[in-house]
Amino acid sequence: MIYDYHVHTNYSFDSRAVMSDVCAEAVERGLQEICFTEHYAVNPVLPTYGHLDFTQYLAEIERCKQQYEGKLIIKAGIELCEPHYMQTQYEEALAHQPLDFILGSVHNMNERKLRLFLAQEGIDHYELYFREVLHMVQHANIDMIAHLDLLKRYAVGNIGNYQLSNYQDVIEAILQTAITRHIGIEINTSGWRGGAGEPFPSREVLQLYRQMGGELLTIGSDSHFVEHTGAEISDAIQLAKECGFKAIYTYNQRQPQAVALDEYYFDKK
């Protein structure tokens, strides 16, 4: 069974992909299940704010479920921006939404995009970023940490990549808190496409998570274009196996279900 659990369409502010086209591409690529995870924020100063209409979004998912019945399993998810802030507003906005899966992301530092955050001088960008991720994992109501070390996407050409040994304490704290709170991490394949040269998070972080007893793991392309649906999923599957994971997970009404990796296959097309 092949799954992509991080997919964007034009219900996200930074994508123009049409949902039905994404579904058609998923079927063409041999995927059995996808989860749409549109960006959502309740903070009015963020670019994500005000773009997603839940009524239209969920209705479109239902139309696609009918159109692709028997060909593709479609789940309704969301990717929240800094969900550890304005928690009451998030709870009110999501209270009656029938979501299968919730990703939590740090896309902004002090309400500024990561690129602008990197322009600040005289600070340890990675330390502050990982501390923010820790804060999110400690407090947010989420199922999965999206692209745990996302900062490197913007930093590799500026301040360079990070060494795990330099931030081991805070990263271990993130992972231990996630394990304790039953929050998972994803292998986000967009790092292979976006200049980081590796997925989010790195192999070393994935290995550390597994060594610490972490099990909850999803795989997502983080696609914003139709043609990226399911991209590099086979590489992520192989990486998960090499890091010692025995299963990846799907979600239904926010409840995880394991899929054994020895039953997981991918036919590149």
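As a starting point, this report considers the structure included with it. Everything numeric in this text was worked out from a predicted model, so none of it was measured.

Details of the nonpolar core
For soluble globular proteins, the rule of thumb is that nonpolar side chains tend to be buried together. Judged by nonpolar contacts, the single largest core of 91 residues is most densely connected at Ile34, Phe36, Phe130, Ile145 and Ile171. With 7 residues, the single largest contributor to this core is helix α5 (residues 125-139). Residues contacting Ile34, with those up to four places away along its chain left out, are Asp4, Val7, Val22, Cys23, Ala26, Leu72, Ile73, Ile74 and Lys75.

Here's the deal with the layout of surface pockets
Of the voids in this model, the largest pocket is the one considered here, and its volume is about 610 Å³. Asp14, His39, Arg153, Tyr154 and His224 are the residues nearest the centre of the largest pocket, which is lined by 24 residues in total. Sorting elements by how many residues they give to the lining of the second largest pocket places helix α3 (residues 87-94) first, with 4 residues. Here the residues of the lining of the second largest pocket sort into 8 nonpolar, 3 polar and 2 charged.

Quick look at the packing of helix α7 (residues 168-180) against helix α9 (residues 203-211)
Put simply, α7 and α9 touch, their axes get as near as 10 Å, and they point 50° apart. As far as their axial angle goes, α9 and α7 are oblique. The two elements α7 and α9 meet at a crossing, and its hand is right-handed. On the side of α7, the interface is formed by Gln168, Ile171, Glu172, Leu175 and Ile179, while α9 contributes Val205, Leu208 and Tyr209. Of the residues that constitute the contact of α7 with α9, the class distribution is 6 nonpolar, 1 polar and 1 charged.

Let's talk about the pairing of strand β9 (residues 217-220)
Covered by surrounding structure in β9 are Leu217 and Ile219 together with Thr218 and Gly220, the residues of both alternating faces. The pairing of strand β8 (residues 184-188) with β9 spans 4 bridges and is classified as parallel. Considered in β9, the bridge of Glu186 is made with Thr218.

Calculation rules
Residues numbered from 1 in each chain as written. Predicted model: local features only at pLDDT ≥ 70, side-chain atom pairs only at ≥ 80, totals over all residues. Heavy atoms only, no water. Core = buried A, V, L, I, M, F, W, Y, C linked by side-chain atoms within 4.5 Å. Buried < 20%, exposed > 50% of the residue type's maximum accessible area, 1.4 Å probe, protein only. Helix = DSSP H or I, 4+ residues; strand = E, 2+ residues; numbered from the N terminus. Contact = heavy atoms within 4.5 Å. 1 Å grid on protein atoms, 1.4 Å probe; cavity = no way out; pocket = protein on both sides within 12 Å on 5 of 7 lines; lining within 4 Å. Points joined across faces, edges and corners; volume = space filled by probe spheres on them. Nonpolar A, V, L, I, M, F, W, Y, C, P; charged D, E, K, R; others polar. Axes fitted to C-alpha atoms, helices over the stretch in contact; angles between N-to-C directions. Parallel < 35°, antiparallel > 145°, perpendicular 65-115°, else oblique. Left-handed = near helix turned anticlockwise from the far one by under 90°. Pairing = 2+ DSSP bridges.

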